[in-house]
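Working through the structure, step by step
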Amino acid sequence: MVSFERFTLANGLKVLVHEDPTTPMAVVNILYDVGARDEHPDQTGFAHLFEHLMFGGSVNIPSYDEPLQRVGGENNAFTSNDITNYYITLPSVNLETAFWLESDRMLNLAFSEKSLEVQRNVVCEEFKQRYLNQPYGDVWLKLRPMAYKQHPYQWATIGKSLDHIENANINDVKAFFTRHYNPSNAIMVVGGDVKLDEVKRLSEKWFGNIPAGEKLPRLLPIEDDQAEERKETVQANVPLDAIYKVFHMPARTEAGYYAADLVSDILSRGNSSRLFRNLLKDKKLFSDINAYLTGSLDAGLFVVEGKPLPGVSMELAEAAIWEELDRISTELVPDAELTKVKNKMESTMVFSEMSLLDKAMNLAYFELLGDANELNSETQKYLDVSSEEIRSQAKHIFRKENSSTLYYLAN
Amino acid sequence: MIDRALAPAFGEVENIELIRAKPLVLANGLKIFSIEGGEQDLVRIEFIFSNIDYDPAKPLQTFATNTMLNDGTSELSSTEIADKIDYYGAFLQTEYANDHSTVTLFTLNKHLANTLPIVKAIVSDSIFPQVELDTLIRNQKQKLSVSLEKNDFLSRKTFSHVLFGDTLYGYDISAADYDNLSRDQLTTYFKSAYQPKNCTVIVSGKVKEDTITLIDKYFGKDWENSFDVKENEFHFEMGSGGEHYLEKADALQSAIRIGQVSINRTHADFPGLQVVNTILGGYFGSRLMANIREDKGFTYGIGSALVSLKNAGYFFIASEVGADVCTAALTEIEKEITILKEQPVTEGELALVRNYMLGSMLGSLENALSHADKFKNIYFSGLDYDYYKNYINTVRNIGPAEVQALANKYLNFNSFEKVIVGKK
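Residues numbered from 1 in each chain as written. Chains lettered and ligands numbered in written order. Predicted model: local features only at pLDDT ≥ 70, side-chain atom pairs only at ≥ 80, totals over all residues.

1. Things to note about the overall build of chain A
Operational definition: Under the scheme used here, helices are H or I runs from DSSP no shorter than 4 residues and strands are E runs no shorter than 2 residues, and both carry numbers assigned from the N terminus. For the radius of gyration, the atom set is restricted to C-alpha positions; the globular benchmark scales as 2.2 Å times the number of residues to the power 0.38. Residue burial here comes from a neighbour count, namely the number of other C-beta atoms, placed from the backbone, that lie within 10 Å of the residue's own C-beta, with 20 or more meaning buried, 12 or fewer meaning exposed, and in between meaning partly exposed. Residues are scored as being in contact if the C-beta atoms we place from backbone atoms lie within 7 Å.
Looking only at helices and strands, chain A has 15 helices and 11 strands in total. Here the C-alpha atoms of chain A give a radius of gyration of 23 Å, agreeing with the 22 Å that 2.2 N^0.38 yields for 411 residues. Its C-alpha atoms put chain A at 65 × 45 × 35 Å along the principal axes. A burial count over chain A gives 50% of its 411 residues as buried. Considering only contacts in chain A between residues 6 or more positions apart, those separated by 24 or more positions represent 80%.

What follows is the structure, encoded as structure tokens:
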């Protein structure tokens, strides 16, 4: 149970406060409701590049990191296809420094040309390090456009290609800021050794006079139902063949999400899971096999990926995967197996409450989904899923015409 | 109107309180330390075994024995072990590191009585079935072949070997080493290493009286000592330095890893040298990050670290940089080390690093589990809680002259081993 209080400033900034007196630290987490899905198809990677620029100095404060480190704080941020999330942890005695820094960069950035130039290079090196200079690193650059033909999930957060990042200019950066970095587009969670009244006072003081900005409607194309099986084969300098299958599945806020999540747990969570036990250990077809969800806010993907052992043909490997997917789509999951994945989910939720930062991030994310209170009913939603729902969700997801399959072959 | 250009007043971290571990020894000599705290009704129990009997002819036996503990006992198959652990929503992990092999149970307290007997079985009665060993060998070789395509992995592997040779810290693994594993090796190693007297149990979380009672019930009896154990001992000399270049013709980036053998936590200079390391490359605002990432844009990240092992310490700097700027990056690294040795750090920078390190220390004590991690650091170095008192004092009081002296004493770019994988 994660308790919290909530208030909204006149400019639309939502603030959630989670008091946790067991720690001497405070955390300030700000989620901006903007991600790679909000980018123009010709300027991909921009939300993430922008995240880097948020550390390049703001209108009144030339350096973001230095004053924070000076008061014993640490920070970081991440960008996904859906959101951009910034967080600070610091000794609670210095909470106000976090308000000062975060409010100034919400007010306005410095927009330094030097910062843009350097961060373009840094992000290009990140692109190389994570996507290009790694075996299988580019697989999501290939899978996304296979699965999505209309929706902007067709590109990865890092962007479609290096030149989209290299071509970003300062006017684009300013326009992006004006459009998305407003109080009305943000959720702030303050947690730890803090008091509600003090957080209210600091919020009014530092964020209260930031102009609200305009919350523009999000008009994203809806992905058509996939009507035909998609297959592609690529060859690359990798040591082992790999197979990737992705299926369209319900969005994070849709009812079927919980059943789909448990499907992935039954298939792939822990050493007792079906893919691990049947395909890796018993049939000895794979050296590595996993299933997971992208968990995105719009309709997401159910992913199965594996590396067949030498001598196992791709066709045989794929048929073995289908056999497991068909089984969970036709046979009811035994009670003990369902209880198992539910127990695991329950203990995972309890363990996640050990971390102040995790709690703050979760509150912000669930508030974005609609209501932070739902974080506390999350476990119950998993417990309520029946074996019939698991079967029908699996049956709906695991259809050939709903699948995209990539053979990633060793040269 | 508020003056947004003016930083709010700030305070220094005054008190850093550690939850002290409570010791207990069971009838068979098993040492237990408990660290109690937190609201969540769960515990983490770590069974930590010292690595022993290192033999370069059997370099993987310690690793494989640890990894295969889940894979079957005389009563339970790997399937049954996995089923039971997963059924109770618990997590059972094996972890192999340079000095210790660990089995960790994460569980809700309400399931402790059901999960502990499984842990007991695997640490006292593992049998290493041949079919499971075959699976391990097959899959590990595949994983290794993928890792060998990663420049970062190659740079770590080469660097460790250059520093530590064919000891457990440095052995240069190849696929053939997996083929040399045998059931006999693992069974023999298991009998010697997995004994109560070679084990330390660390319990953290909501530790209650019956938590300890249950541990005593399962681990205090029917688990006896039978052999003498000899913990690994290695001795290393400071190398003379050199370049180790693995060319990768089509590399977009080069992995750089450079450094040398250094002191470990038991040395009086260790806390001071950690301050030096932090200034140079130990945090986001460090000099290496400020220069090589934030000014030049050569890399996504660069950092340095001082690592404490039982038989050695070492210092390293690591980064992945654009292949075209690899040489320029190395030049800048050398420049930063020279500056650190030739010019005293300003009071302003030192004050910042001080506060950052104290804040970071405070932040690293998030829950009982992290307090337990702090205890492990000192316990396995043969130190007591005075170490942290001394560490905090050093961070608070070290001056520019001492920082400079330590940089000169311990950082010598010419005697660094310099591993580069990619292009230069």
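2. A word on the overall build of chain B
Summing up its helical and strand segments, chain B has 15 helices and 11 strands in all. Since a compact globule built from 424 residues should have a radius of gyration of about 22 Å, the 24 Å found for chain B is in line with a globular shape. Taking all 424 residues of chain B together, 45% fall into the buried category. Contacts spanning at least 24 positions in sequence make up 82% of the contacts within chain B whose residues lie at least 6 apart.

3. Regarding unusual backbone geometry
Residue and element names in this part refer to chain B. A positive phi angle, close to 50 degrees, is found at aspartate 53, a residue other than glycine. Tracing the sequence through the fold places aspartate 53 in the loop between β3 (42-50) and α1 (61-67). One non-glycine residue, aspartate 222, lies in positive phi territory at about 55 degrees. In this fold, aspartate 222 is placed in the loop between α8 (209-219) and β7 (242-247).

4. A short note on the sheet that holds strand β5 (residues 100-108) of chain B
Residue and element names in this part refer to chain B. Test applied: Any two strands are treated as partners once DSSP identifies two or more bridges connecting them. Note on geometry: axes are C-alpha line fits, over the in-contact stretch for helices, and angles between N-to-C directions span 0 to 180 degrees.
Pairing within the open sheet is mixed, and its 6 strands lie in the order β1-β2-β6-β3-β5-β4. Edge positions in the sheet fall to β1 (22-25) and β4 (91-96), since each has one partner strand and no second. Each neighbouring strand pair of the sheet contributes to a mean axis angle of 20 degrees, computed without reference to strand direction. With 6 bridges joining them, strand β2 (residues 31-36) and strand β6 (residues 199-205) adopt parallel strand pairing. When the bridges of β6 are listed, lysine 31 appears paired with threonine 200. Seen against the sheet, α8 touches β1, β2, β3 and β6 and runs at an angle of roughly 155 degrees to β6. Contacting β2, β3 and β6, helix α13 (residues 368-379) runs over the sheet at an angle of about 150 degrees to β6.

5. Brief notes about the UniProt feature "domain: Peptidase M16 N-terminal" (unreviewed entry) in chain A
Just so we agree on the cut-off: UniProt positions are given in the numbering used here, feature names are shortened, and annotations may be inferred rather than shown by experiment.
Mapped onto this structure's residue numbering, the UniProt feature "domain: Peptidase M16 N-terminal" (unreviewed entry) falls at residues 14-130 of chain A. The span residues 14-130 of chain A is 38% helical and 24% strand by assignment, and the distance between its end C-alpha atoms comes to 34 Å.

6. Observations regarding the interface of chain A and chain B
It is common to report an interface's size as the accessible area lost on association of the parts. Residue-level contacts link 58 residues of chain A with 57 residues of chain B. Listing elements by their share of the side of chain A that touches chain B, those giving two or more residues are α2 (65-70), β5 (84-91), α3 (95-107), α4 (113-132), α10 (274-282), β9 (286-293) and α12 (335-352) of chain A.

7. Brief notes about the pairing of strand β10 (residues 300-308) of chain A
All names here are of chain A. Of all 9 residues in β10, 9 are buried, a share of seventy percent or more. As defined by bridge partners, strand β8 (residues 242-249) adjoins β10 across 7 bridges and the pair is classed as antiparallel. Counterpart to methionine 249 in the pairing with β10 is glycine 300. Pairing analysis gives 7 bridges linking β9 to β10, with the strands arranged antiparallel. Bridging across to β10, aspartate 288 finds its partner in lysine 307. The antiparallel pairing of β9 with β10 creates a hairpin that spans 6 residues between the two strands, and glycine 295 there sits at a positive phi of about 65 degrees.

8. Examining the sheet that holds strand β3 (residues 25-32) of chain A
Spatially, 6 strands are ordered β1-β2-β6-β3-β5-β4 (chain A) in an open sheet, and the strand pairing comes out mixed. Every interior strand has two partners, whereas the edge strands, β1 (5-8) and β4 (74-79) of chain A, have only one. Taken pair by pair, the neighbouring strands of this sheet meet at an average axis angle of 15 degrees, ignoring direction. With 6 bridges joining them, β4 of chain A and β5 of chain A adopt antiparallel strand pairing. For phenylalanine 78 of chain A, the partnering residue across the bridge sits in β5 of chain A and is asparagine 85 of chain A. Lying on the sheet, helix α1 (residues 46-53) of chain A is in contact with β4 and β5 of chain A; it crosses β4 of chain A at an angle near 165 degrees. The strands touched by helix α12 (residues 347-363) of chain B within the sheet are β3, β4 and β5 of chain A, with β5 of chain A carrying the most contacts at an inclination of about 100 degrees.

9. With respect to the environment of aspartate 33 of chain A
Mapped onto the elements, aspartate 33 of chain A comes out in the loop between β3 and α1. Beyond its immediate sequence surroundings of up to four residues, aspartate 33 of chain A is in contact with Ile83, Asn185 and Leu368 of chain A.

10. What to know about the nonpolar core
For clarity, the cut-off: Here, a nonpolar core denotes buried Ala, Val, Leu, Ile, Met, Phe, Trp, Tyr and Cys residues that are linked to one another through C-beta atoms within 7 Å.
Ranked by size, the top nonpolar core spans 126 residues in total, and within it Leu31, Met188, Val190, Leu363 and Ala364 of chain A together with Ile256 and Ala329 of chain B carry the most contacts. Top contributing element to this core by residue count: helix α13 (residues 356-369) of chain A, with 8 residues. Once you skip the residues sitting within four places of it in the chain, isoleucine 256 of chain B turns out to touch Ser155, Ala318, Ser319, Val321, Cys326, Ala329, Leu330 and Ile420 of chain B. In terms of nonpolar packing, the next biggest core, distinct from the first, is built from 56 residues, Phe106, Leu108, Ile202 and Phe219 of chain B among them.

11. Observations regarding the UniProt feature "domain: Peptidase M16 C-terminal" (unreviewed entry) in chain A
UniProt's feature table lists "domain: Peptidase M16 C-terminal" (unreviewed entry) at residues 169-345 of chain A, given in the numbering used throughout. Within residues 169-345 of chain A, the helical portion is 41% and the strand portion 22%, while the C-alpha atoms at the span's ends are 45 Å from each other.

12. Focus on the UniProt feature "domain: Peptidase M16 C-terminal" (unreviewed entry) in chain B
Per the UniProt record, "domain: Peptidase M16 C-terminal" (unreviewed entry) is found at residues 180-355 of chain B. Taken as a whole, residues 180-355 of chain B contains 40% helix and 24% strand, while its terminal C-alpha atoms sit 51 Å from one another.

13. Re the domain arrangement of chain B
Residue and element names in this part refer to chain B. Our working rule: A domain assignment, automatic or from a database, supplies the domain bounds used here. Under the scheme applied here, ten amino acids are nonpolar (Ala, Val, Leu, Ile, Met, Phe, Trp, Tyr, Cys and Pro), four are charged (Asp, Glu, Lys and Arg), and all others, including Gly, are polar.
When the domains of chain B are assigned, the result is domain 1 (22-219) and domain 2 (242-422). Each of domain 1 and domain 2 has a C-alpha centre, and the two are 30 Å apart. Contacts between domain 1 and domain 2 engage 21 residues on the former and 28 residues on the latter. At the level of elements, β2, α5 (151-164) and β6 are the ones that each hand at least two residues to the side of domain 1 that touches domain 2. Among the elements that line the side of domain 1 that touches domain 2, the one with the most residues is α5, at 9 residues. Within the side of domain 1 that touches domain 2, the residues separate by chemical class into 8 nonpolar, 8 polar and 5 charged.

14. Structural notes on the domain arrangement of chain A
Residue and element names in this part refer to chain A. Per the domain assignment, the segments of chain A are domain 1 (5-208) and domain 2 (230-410). Centre-to-centre, using C-alpha coordinates, domain 1 lies 29 Å away from domain 2. In this complex, domain 1 contributes 31 residues to the contact, which on the side of domain 2 involves 27 residues. If you list the elements that add at least two residues to the side of domain 1 that touches domain 2, you get β2 (14-19), β3, β5, α5 (139-147) and β6 (186-192). The biggest single contributor to the side of domain 1 that touches domain 2 is α5, with 5 residues. For the side of domain 1 that touches domain 2, a count of residues per class yields 15 nonpolar, 9 polar and 7 charged.

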